[in-house]
Amino acid sequence: NSLLGSQGQFPLTQNVTVVEGGTAILTCRVDQNDNTSLQWSNPAQQTLYFDDKKALRDNRIELVRASWHELSISVSDVSLSDEGQYTCSLFTMPVKTSKAYLTVLGVPEKPQISGFSSPVMEGDLMQLTCKTSGSKPAADIRWFKNDKEIKDVKYLKEEDANRKTFTVSSTLDFRVDRSDDGVAVICRVDHESLNATPQVAMQVLEIHYTPSVKIIPSTPFPQEGQPLILTCESKGKPLPEPVLWTKDGGELPDPDRMVVSGRELNILFLNKTDNGTYRCEATNTIGQSSAEYVLIVHDPNALAGQTGPDHALIGGIVAVVVFVTLCSIFLLGRYLARHKGTYLTNEAKGAEDAPDADTAIINAEGSQLTPISPPLPPSTLPLLLFPKLLSVSMGYVSYIIKA
C-alpha cells in the first residue's frame, strides 16, 4: 500500500489489509503541525478518536499513539463488516483529510470431499466434489492424486448469503482401476488469508477388483523321488481365500502325497504319474481367475547324463584305440624281423661265391654301390614309434569326447 498525501501540514495514511478475526492498525501522520487536532472516523462517518479521546464506545477500538504528529488506533477481532474506507482529518482551515481503505480477508472453511461411497468396483466412474465456504476473495481449489496434480476439473464459484464471501467447489471425474486402491486423493484450498499454508482434505480410495493368479514352483526342474511345492500367488480385493487346486480338470488323485496347505500344493516324492496340468483357482465377491502349471517329472539319471560325458563309452573307445595301437606295433615288429632275414640271406649268398670268409666279406661289400649303415635291431624300432602312435590315438579319443 502506498502512502497518500503530501509533505507539510497534510495528513498521511496507508491502506490496510487484515484477515478476519485479526487486528488492524490505522495510522495517520503529519510532518508539520501547529497544535492542530487529528481525528479518525469509520466508513459510517462515526468518530472513533479525536486526538487521544475515544469517541465511539467499541471495546475493540483502542488508542495506540497520540501526538501532534501522529494518531494511531487499533481495531481488534476484525469482522467483514469492518471493511471500508476510514478517514483521518486534520482540523485546519479548511479541514484536510486522507483516506485509508481497510480490506478484510474472509478465511475459507476447511474443505470437505463428497461423492465417495466405499467400495468402488474396478472400471466404475467416480465423481468427487470438494467444497469450501467463507472465502473472500474466492479461494482456489486444486486436486492431487499420487502427489501429481490433476488439471482437468470443473470449478464453480457462488456468492454466500452475506454477499461478501464465496463458496467455491470443484468436481473431479475419473474411471478407477485396481492401481487406484489405497491411493490418497487430495483437495487443496489456496487463499491469501492462509499465509502460504493451504487447507487440505483427503480421501483414501478403496477399489474392489477380481483376483489375479500365478503359480510359482519351488524348483524349475522337478525330479523323480524329490518333493515339489507349487505356490498359488493370488491378489484381489477382497482377498480370495481359500484357493482351489485341481489336476487335469479333476480332483487331486493322491491326497496322501498331495497336501494342500493354504495357498501351497505340496507333492511328496514325485513320480511319473504326477505328470499333468495343475490348476489354481481363486474367487472373491467380484469374480474368479485361475492359472495353470504343466508338470513334467524328469528322470534324475537322464538329467545327470545330459550334464556330463558318458564315461562307459569313453572307456570303450580308449580300449579299442589301445588294442589297435598294440596290433600295429606287433605287425611292425614282424615286418622288421622279416627284412632282417632277407639281409642275412644276402650276406650268406656272398659267402657261397667266395673261397673263404674274408673274400666273402669283400665280395659282399664290393657288391654295394653305396655304404649302408647297419639296420636297427627289430626290438628298438617299436619303442621309437610307440609314443607317436599313442599320441595320435589319444588325440583321436579327445576329439571323440569333445564331439
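Residues numbered from 1 in each chain as written. Predicted model: local features only at pLDDT ≥ 70, side-chain atom pairs only at ≥ 80, totals over all residues. Heavy atoms only, no water.

An unreviewed UniProt entry annotates the protein as Cell adhesion molecule 2 originating from Myotis brandtii. In its Subcellular location (unreviewed entry) section, the UniProt entry covering the protein states "Membrane". The Sequence similarities (unreviewed entry) comment attached to the protein in UniProt states, word for word, "Belongs to the nectin family." (UniProt positions renumbered as here; feature names shortened; annotations may be inferred.)

J.: If you had to explain the nonpolar core to someone new, which residues and values would you point to?
T.: Generally speaking, soluble globular proteins have nonpolar side chains that are buried together. Ranked by size, the top nonpolar core spans 22 residues in total, and within it Leu38, Trp40, Ile73 and Leu102 carry the most contacts. Elements with a contribution of two residues or more to this core: strand E3 (16-19), strand E4 (24-29), strand E5 (38-41), strand E6 (47-50), strand E9 (70-75), strand E10 (84-90) and strand E11 (96-105). Val213, Ile215, Leu228 and Leu230 belong to the second largest nonpolar core, which has 19 residues in total. (Core = buried A, V, L, I, M, F, W, Y, C linked by side-chain atoms within 4.5 Å. Buried < 20%, exposed > 50% of the residue type's maximum accessible area, 1.4 Å probe, protein only. Helix = DSSP H or I, 4+ residues; strand = E, 2+ residues; numbered from the N terminus.)

J.: Mind laying out the state of the cysteines, listing which residues take part and the relevant values?
T.: Summed over all chains, the structure comprises three disulfides. Covalently, Cys28 is tied to Cys88 through a disulfide, its sulfur atoms 1.9 Å apart. Classification of the bridge connecting Cys28 and Cys88 rests on its S-S torsion, roughly -75°, and on that basis the disulfide is left-handed. Residue Cys28 is located in strand E4, and its partner Cys88 is located in strand E10; the two are separated by 60 residues in the primary sequence. Residues Cys28 and Cys88 agree in their burial class; the two are buried. Between Cys232 and Cys280 runs a disulfide, and the two sulfur atoms are separated by 1.7 Å. On the sign convention where negative is left-handed, the bridge of Cys232 and Cys280, at about -70° about the S-S bond, is left-handed. One end of the pair, Cys232, is in strand E22 (residues 228-237); the other, Cys280, is in strand E26 (residues 276-283), with 48 residues separating them in the sequence. In this pair, the class of Cys232 matches that of Cys280, namely buried. (Disulfide = S-S within 2.5 Å.)

J.: An account of the sheet that holds strand E25 (residues 264-267) is requested, with residue identities and associated values reported.
T.: Spatially, the five strands line up as an open sheet ordered E13-E21-E22-E25-E24, and their pairing is mixed. The strands lining the two open edges of the sheet, one partner per strand, are strand E13 (120-121) and strand E24 (258-261). One ladder, built from four bridges, connects E24 with E25; its direction is antiparallel. Its bridge partner lying in E25, Ser261 is registered against Glu264. (Pairing = 2+ DSSP bridges.)

J.: Now, about the pattern of salt bridges: what can you tell me, with residues and values included?
T.: Summed over the entire model, instances satisfying the criterion amount to 22 salt bridges. Here Asp180 ties to Lys145 by a salt bridge, and the two come within 2.8 Å at their closest N and O atoms. Of this pair, Asp180 sits in the loop between strand E18 (166-175) and strand E19 (184-190) while Lys145 sits in strand E15 (residues 140-145), and the two are 35 residues apart along the sequence. Exposure class is identical for Asp180 and Lys145. Each is buried. Between Asp181 and Lys237 there is a salt bridge, with the nearest N and O atoms lying 3.1 Å from each other. One end of the pair, Asp181, is in the loop between E18 and E19; the other, Lys237, is in strand E22, and 56 residues separate them in sequence. Bridged by salt links that share partners, the residues Arg142, Glu149, Lys151, Arg188 and Asp190 form one connected network. (Salt bridge = Lys/Arg side-chain N within 4 Å of Asp/Glu carboxyl O.)

J.: Mind laying out the environment of Gly106, listing which residues take part and the relevant values?
T.: Position of Gly106 among the secondary structure elements: in the loop between E11 and strand E12 (112-114). Between the alpha carbons of Gly106 and Ser135 there is a distance of 4.6 Å; along the sequence they are 29 residues apart. In contact with Gly106, not counting residues within four places along its chain, are Glu20, Leu80, Gly134, Ser135, Lys136, His191 and Ser193. (Contact = heavy atoms within 4.5 Å.)

J.: Outline unusual backbone geometry, supporting the account with residue identities and numerical values.
T.: Pro94 follows Met93 through a cis peptide bond whose omega is 0°. Checked against the element boundaries, Pro94 lands in the loop between E10 and E11. In this structure, the amide linkage connecting Lys136 to the following residue, Pro137, adopts the cis form with an omega of -5°. Position of Pro137 relative to the elements: it lies in the loop between strand E14 (125-135) and E15. Notably, Gln45 is not glycine yet its phi reads approximately 65°, a positive angle. Relative to the assigned elements, Gln45 resides in the loop between E5 and E6. One non-glycine residue with positive phi stands out, namely Asp248, at about 55°. Take Asp248: it is sitting in the loop between strand E23 (243-247) and E24.

J.: So, the sheet that holds E4: which residues are in play, and what are the values?
T.: Pairing between the strands of a sheet comes from backbone hydrogen bonds, and it takes one of two forms, parallel or antiparallel. Strands sit in the order E4-E9-E8 across an open sheet of three strands; the sheet is antiparallel. The open sheet terminates on both sides in strands that have one partner only, identified here as E4 and strand E8 (61-66). Going from strand to strand, the sheet's axes swing by 20° on average, the running direction of each strand aside. Sheet topology note: the E8/E9 ladder contains five bridges and is antiparallel. Bridge pairing links Ile61 to Val75 in E9. (Axes fitted to C-alpha atoms, helices over the stretch in contact; angles between N-to-C directions.)

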